[in-house]
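# Coordinate inspection notes
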Amino acid sequence: MRKILTLTIAILTLSLVSQAQTKVSGTVIDGNTKTIESATITLLRAKDSSVAKMSVADKSGNYAFEAVGQGKYLVSISAVGHQKGYSEIFEVVSGTPGITIKTIELIPQAGNMGAVTVTSRKPLIEQKIDRTIVNVEASITSVGSSALEVLEKSPGVTVDKDGNISLKGKAGVTIYIDGRPSYLSGPDLANLLRNMNASQLEQIEIMTNPPARYDAAGNSGVINIKTKKNKQYGYNGSLTSGYTQGRYARVNEGFNFNYRNGKVNFFSNLNYSYNRRGEELYIQRNFRDINTKNLLSMFDQTAKMGNQNHYYSAKAGLDYTASKKTTLGLVLSSWYNPGLWHSNTNTYIYDPSHQLQERAFSYTQNEEKWKNYSGNFNLRHVFDSAGQELTMDIDYIAYRSTSKQPLYSTNYDASGAQLRKTDTLLGNLPQDITIYSAKMDYSLPLKKGAKFEAGIKSSYVKTDNDANYDSLINGQIVHDYNRSNHFVYEENINAAYVNYTRPFNKKWSAQLGLRLENTNGKGKQLTSNQPPFDINYTQLFPTAYVQYTLNEKNQFVVNYGRRINRPDYSDLNPFVHFLDRYTFEQGNPNLRPQFSHNIEFTHTYGGFLTTTLNYSITNNIIQQVLEQHEATNETFIKKANIAKRNQIGIAVSANKQINKWWSGNIYANLSNNQFEGIVNNEHVSVGITGWFAQMQQQFKWGKGWSAEVSGFYRSKGLEGVIFTKPIVQMNAGLGKQVLKNNGTIRLNVRDMFAGGVFKGYSKYSNVDVQFRNVNDSRAGSLSFTWRFNKGKSNAAGQRKRGGAEDEQNRVKGGN
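Below is a short write-up of the structure.

Rules used throughout
Residues numbered from 1 in each chain as written. Predicted model: local features only at pLDDT ≥ 70, side-chain atom pairs only at ≥ 80, totals over all residues. Heavy atoms only, no water. Helix = DSSP H or I, 4+ residues; strand = E, 2+ residues; numbered from the N terminus. Buried < 20%, exposed > 50% of the residue type's maximum accessible area, 1.4 Å probe, protein only. Areas by Shrake-Rupley, 256 points an atom, 1.4 Å probe, with all protein chains shown as cover. Pairing = 2+ DSSP bridges. Core = buried A, V, L, I, M, F, W, Y, C linked by side-chain atoms within 4.5 Å. Contact = heavy atoms within 4.5 Å. Polar contact = N/O pair within 3.5 Å; in protein donor to acceptor, adjacent residues only side chain to side chain. Phe/Tyr/Trp six-rings, centres within 6.5 Å; stacked < 30°, edge-to-face > 60°. Lys NZ or Arg CZ within 6 Å of the ring centre and 35° of its normal.

Each helix and strand counted, the protein chain has three helices and 48 strands in total. When burial is assessed residue by residue, the protein chain has 53% of its 815 residues classed as buried. A total of about 35900 Å² of accessible surface is found on the protein chain, and carbon and sulfur atoms cover 56% of it.

Time to look at the sheet that holds strand β13 (residues 165-167). One open sheet holds the three strands; their spatial order is β12-β13-β14, and the pairing between them is antiparallel. The strands lining the two open edges of the sheet, one partner per strand, are β12 (157-159) and β14 (170-171). Where β12 lies against β13, three bridges are found, and the strand directions are antiparallel. The partner of Thr158 across the bridge, within β13, is Ser166.

The backbone of His354 sits at a positive phi, close to 65°, despite the residue not being glycine. Look at His354 and you get partly exposed, because its relative accessible area is 48%. The backbone phi angle of Asn620 is positive, close to 55°, even though this residue is not glycine.

Before going further, it helps to examine the nonpolar core. A general tendency of soluble globular proteins is for nonpolar side chains to be buried together. Ranked by size, the top nonpolar core spans 47 residues in total, and within it Leu151, Ile165, Leu193, Ile204, Ile223 and Ile225 carry the most contacts. Ignoring sequence-local partners within four residues, the contact set of Ile225 consists of Leu151, Ile175, Tyr176, Ile177, Asp178, Leu193, Leu201 and Gln203. Grouped together as the second largest cluster of nonpolar side chains are 24 residues, Ala640, Leu718, Tyr764 and Phe771 included.

On to the side chain of Arg566. Among the structural elements, Arg566 can be located in the loop between β33 (554-565) and β34 (576-580). We classify Arg566 as buried; its relative accessible area is 4%. Side chain to side chain, Arg566 and Glu517 meet in a polar contact 2.7 Å long. In terms of polar contacts, Arg566 uses its side chain to reach the side chain of Thr519, at 3.2 Å.

Looking now at the packing of aromatic side chains. According to the stated counting rule, one finds 32 aromatic pairs in the structure shown. Positioned over the ring face of Tyr248 is Arg276, at 3.9 Å from the centre of the ring. Looking at Lys656, its charged tip hangs above the ring of Phe608, at a distance of 4.9 Å from the centre.

This part takes up the environment of Lys72. Mapped onto the fold, Lys72 is located in strand β5 (residues 71-78). Separated by 25 residues in the primary sequence, Lys72 and Lys47 have C-alpha atoms spaced 7.3 Å apart. In contact with Lys72, other than residues within four places in its own chain, are Leu44, Arg45, Ala46, Ile89, Phe90, Glu91 and Thr321.

Moving on, we come to the pairing of strand β45 (residues 743-750). Sheet topology note: the strand β44 (residues 727-738)/β45 ladder contains seven bridges and is antiparallel. Paired with Ala732 across the strands is Val749, a residue of β45. In textbook terms, the turn of a hairpin is the stretch between consecutive antiparallel strands, and for β44 and β45 this stretch comprises four residues, one of which, Leu739, has a positive phi near 55°. Pairing of β45 with strand β48 (residues 779-790) involves eight bridges; the strand directions are antiparallel. Paired with Asn748 across the bridge in β48 is Ser781.

Put into structure tokens, the structure is as follows:
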């Protein structure tokens with residue numbers, strides 16, 4: 001720790017001081033990275049947007065302002081056929097050297113150039129060197145969708161029947177929201193994303209191999225969901241209302257209000273949604289002798305489930321410019337998510353000759369309430385105009401949940417006579433999760449375009465799961481000590497990183513990073529005789545990127561990264577969760593983290609066609625497995641470090657403006673997955689080659705009309721030891737700008753052919769199971785958005801990023 005503090009102090013004492021005549025210069029390009037000649041350049045005073053100086057870009061798109069006086073400024077750029085562009089605010093102080101403005105990219109305008117109002121919007125997909133960006137508002141078929149459904153349509157992203165997210169065929173994705181981890185995982189993360197409406201989202205950033213600045217968690221990469229931000233001076237906001245009809249009605253409402261002026265920037269949003277869905281799950285299980293594999297009995301199970309949730313969320317933040325070089329920020333947010341899930345399950349039990357022996361009926365429900373409170377304090381200090389800066393984030397996040405789960409089970413013989421009294425189990429499962437996180441990042445630009453970055457982070461997480469079960473015996477409630485359990489888990493992660501970026505010449509550049517993470521965890525069961533356990537390890541996570549630009553049309557990038565995926569907090573809890581009389585879910589305190597090595601080679605042609613070859617190897621992979629007890633017809637579901645996985649694949653994406661009214665995005669991925677390990681004390685080796693394709697076609701006509709067609713196909717695949725069958729989905733949407741382009745009406749149909757049915761099977765050891773899940777995926781949505789504003793646009797926006805970057809993704813509870 002002393003070495004880390006010494007390094008930090010040394011870094012913070014670095015300061016570059018130089019004296020030069022103040023000159024402001026920069027470059028303007030269009031959306032195809034081509035320079036724009038004769039663009040009008042205006043230097044504006046930040047205080048009131050009054051004009052200080054004017055200039056014109058040369059044939060290379062370069063411009064300059066000489067002898068700029070002290071004060072705060074921003075640059076405005078306009079060019080024929082392009083949307084107006086703005087720089088970030090910058091400051092000229094006494095002794096300030098020449099200031100180079102970050103290259104400004106103007107977006108080509110769309111629509112009738114002769115009309116009074118010209119509309120323009122970002123492309124749906126943007127391909128950057130280290131990430132893929134999805135601009136959510138550019139997609140009509142996102143209307144009425146949830147954040148989880150938007151992710152499902154994003155390049156390379158797949159979502160299984162339980163809401164688990166994979167990237168390029170690999171599970172273990174870390175989900176960020178506004179640069180901060182969600183701290184949720186499993187069904188709780190899926191539940192949050194299902195109730196977050198697409199109208200709240202601005203962008204989705206997909207990083208398969210993030211740099212050392214990011215937490216090392218997430219074997220397959222990082223997905224950052226960015227919500228809408230304030231980018232204007234004065235005030236602005238929007239009001240959205242939407243209605244969706246599937247099997248049941250769903251609604252969503254949203255309100256955003258932002259105000260920026262002088263030293264103060266205030267931003268806020270309120271959202272509400274009501275979500276009701278139905279689904280059916282069909283499972284066929286064959287119980288076989290562990291030695292001979294002879295059939296002993298057969299289970300035919302049908303579960304009809306329903307789920308309804310209300311989701312209320314609020315966020316408010318404030319940025320304050322304390323001095324010419326220091327900005328302070330505070331963000332407060334909260335959400336409340338009450339819901340009710342229920343299931344009616346019929347299980348028919350047959351002997352090997354398919355003669356009915358018994359029928360079991362069970363009813364269960366989960367009345368669950370989740371509450372979240374979070375706060376972020378952030379600081380940004382700029383040492384000089386060259387870009388040397390220090391940022392700091394302090395986060396507090398709390399989740400509080402209650403869960404009441406009654407389970408009623410009744411068994412009948414083949415003639416329909418009741419065999420025994422109804423078995424009643426009453427569960428009360430509260431859960432508390434508290435998270436503290438602090439981080440500091442330092443950035444120092446060096447000569448010849450090089451850049452040095454370093455940072456430290458520490459986090460502390462405490463989860464408290466109290467499972468209380470009672471049985472109803474002869475009309476009396478009796479506490480069930482054998483099934484109840486109180487589990488507490490605490491974890492501290494300390495991290496430090498360095499990152500160095502340098503262009504060697506016009507063709508070659510590289511980035512090297514190294515991150516160290518120290519993990520200390522301990523778990524204990526307060527109401528059982530199980531001994532406590534400790535987890536302690538320290539690991540290094542290197543990253544490397546090398547880029548070569550052959551010419552204007554061809555660019556190559558090779559990158560490498562080592563990643564970690566830690567167990568979800570509650571998966572370490574060994575208590576048993578009862579799904580029905582024959583099916584149980586159990587935690588595993590012996591889980592250990594899984595590690596992966598990821599290598600990618602990418603070629604980009606003409607800025608629109610990207611081809612990526614990838615290879616990864618993952619050790620101690622964490623997967624859900626089934627264990628069957630053939631004597632009692634019981635099935636246990638649990639997580640285990642079961643295998644080693646090797647994956648090799650190729651991905652191709654193309655984003656093209658075909659003509660003035662038609663643009664298209666196509667993504668395809670072909671991958672081979674091989675799993676090998678010990679499951680249920682038997683060696684298991686399974687593998688498959690599968691492919692996945694997505695497409696989105698967008699059309700724009702005059703008078704504000706637009707349309708979109710999108711869809712995806714996923715071939716037969718492999719998730720751990722579970723084979724999934726092909727699935728296909730098609731969507732279509734129509735949009736219209738109204739109220740002088742201040743309003744938008746959108747109509748969307750999702751999964752129009754109801755092809756989103758999950759099917760699969762698993763066969764290994766004595767496990768032989770098939771399933772089919774029919775969910776409420778086909779739906780039609782209608783929405784209206786009204787935008788209002790008074791002020792000037794600002795490209796900088798406010799800083800909403802926090803410092804908690806891994807822990808939130810690992811929270812998992814009931815439901």
